[in-house]
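What follows is each chain in one-letter form.
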Amino acid sequence: MNSVDARYFDGRSSRPVPVRITVVGNHAEIRGDGVELRAPISELRISEPLKHAPRLLTLGDASYCEVDDNAEFARLLSESGHRDSFVVAWQNQWRAVLLAIFALIAVLFAGYRWVLPVAAELMADQVPLQWEERLGREATAFLERRIFSTSQISSERRDGLVDRFAAIAPPDGRDYEIRFRNSKIGPNAIALPGGAIYVTDALVALAPDDDAIVGVLAHELGHIEHRHLMRRLFANAAVGAVTAVLIGDVSTVLAALPAILIELDYSRAMEREADAYAIDLLRANGISTSSLATLFERMKDAHEERSPSSGWPDYLATHPPTQERIDAFRQSRNR
Ligand SMILES: [Zn+2]
């Protein structure tokens, strides 16, 4: 059987005419009372198959047929070589739709996780150092005004730490400047574009010895050497730009920039990179990493105690120490 029953509407009146559609070669022939039409199948528009609706077969002149027998019609189309397009077939399956959504999320995630960091690194490397220094100046001005106050540590102690670190810092490395400051943010350290390294009094107080502080400075210098903040800045700007495109709010791009300066949300990969830099630098100079591991353990405890109730946003909790990172320092000692 190569034909199917249908109702024909001429597009002008709503009166249905019972017809029979027959496929002959590449053509469809529509015959009924007063209707005699012949059209190439390729010129017909055929609606998507829906479970509870008749399929529509529209001809060039806006006249159309309704077909109730979906199964029979599908078989007829199939035998005549007309298949539902791939997309239409997929749209019928909600599982496939879900799969498509998950695939989209996976692509976005992969872009964020793997493509973005590489792109951000390439872009950061293109930024002239003067730009980075200018950004650093504005960030330090903000932090000095809002976050930090004068250090209570004696200048002898501070100078001693600066000198100790200068003795091990690579002579051909990037410029840096160590600044000790008092702050409400608790034990922390932070490296800014342009080379400013801030260390809070609370961190100095928490350190078991000077080796640990030198270790923290080495970690921060690692961030500077790898231009982590610039990479993070570009990554966040890119995320902001994509968000702006997706939700149509251009101000997101601008809004992202100050947020980054405050959050300094280094990725874990960057922390590992800075840790590896610190371990190499300490070991090359015969300094044990176990003091740094102890300091990190104390920071971890302080961080966990402070977070739930302090009400102070973890503004500068740039690198909350994790057990994984502490273990890396402990293992380094044993090698
Ligand atoms: Zn860090």
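The notes below deal with the structure included here. (Residues numbered from 1 in each chain as written. Predicted model: local features only at pLDDT ≥ 70, side-chain atom pairs only at ≥ 80, totals over all residues.)

## Focus on unusual backbone geometry
Across residues other than glycine, the phi torsion is negative in most instances, and most of the peptide bonds are trans.
And step 1. In the Ramachandran plot, Arg 227 falls in the positive-phi region, its phi being about 50° despite a non-glycine side chain.
And step 2. Among the secondary structure elements, Arg 227 is positioned in the loop between α7 (210-225) and α8 (228-247). (Helix = DSSP H or I, 4+ residues; strand = E, 2+ residues; numbered from the N terminus.)

## Here we look at the sheet that holds strand β8 (residues 148-150)
And step 1. Ordered in space as β8-β9-β11-β10, the four strands form an open sheet in which the pairing is mixed. This sheet does not close on itself; its edge strands, each paired only once, are β8 and β10 (189-191). Strand-to-strand twist of the sheet, defined as the mean angle between neighbouring strand axes without regard to direction, takes the value 40°. (Pairing = 2+ DSSP bridges. Axes fitted to C-alpha atoms, helices over the stretch in contact; angles between N-to-C directions.)

## Remarks on the nonpolar core
It is characteristic of soluble globular proteins that their nonpolar side chains tend to be buried jointly.
And step 1. Counting residues in each nonpolar core, the largest one holds 48 residues, and the members touching the most others are Val 199, Val 216 and Leu 217.
And step 2. A per-element tally of this core places α7 first, with eight residues.
And step 3. Once residues lying within four places of it in the same chain are set aside, the contact partners of Val 199 are Ile 178, Phe 180, Ala 189, Val 204 and Val 216.
And step 4. Listed in part, the 14 residues of the second largest apolar core include Val 4, Ala 6, Ile 21 and Ala 28. (Core = buried A, V, L, I, M, F, W, Y, C linked by C-beta atoms within 7 Å. Buried ≥ 20, exposed ≤ 12 C-beta atoms within 10 Å, placed from the backbone. Contact = placed C-beta atoms within 7 Å.)

## Digging into the packing of α7 against helix α10 (residues 268-284)
And step 1. It is at 7 Å that the axes of α7 and α10 come closest, and there the two elements cross at 125°. Taken together, α7 and α10 sit at an angle that is classed as oblique. Note on packing geometry: the crossing formed by α7 with α10 is right-handed. Counted together, Gly 215, Ala 218, His 219, Gly 222, His 223 and Glu 225 of α7 and Glu 273, Ala 274, Asp 275, Tyr 277, Ala 278, Leu 281 and Leu 282 of α10 form the full contact between these two elements.
And step 2. Partitioning the contact of α7 with α10 into residue classes produces six nonpolar, four polar and three charged. (Parallel < 35°, antiparallel > 145°, perpendicular 65-115°, else oblique. Left-handed = near helix turned anticlockwise from the far one by under 90°. Nonpolar A, V, L, I, M, F, W, Y, C, P; charged D, E, K, R; others polar.)

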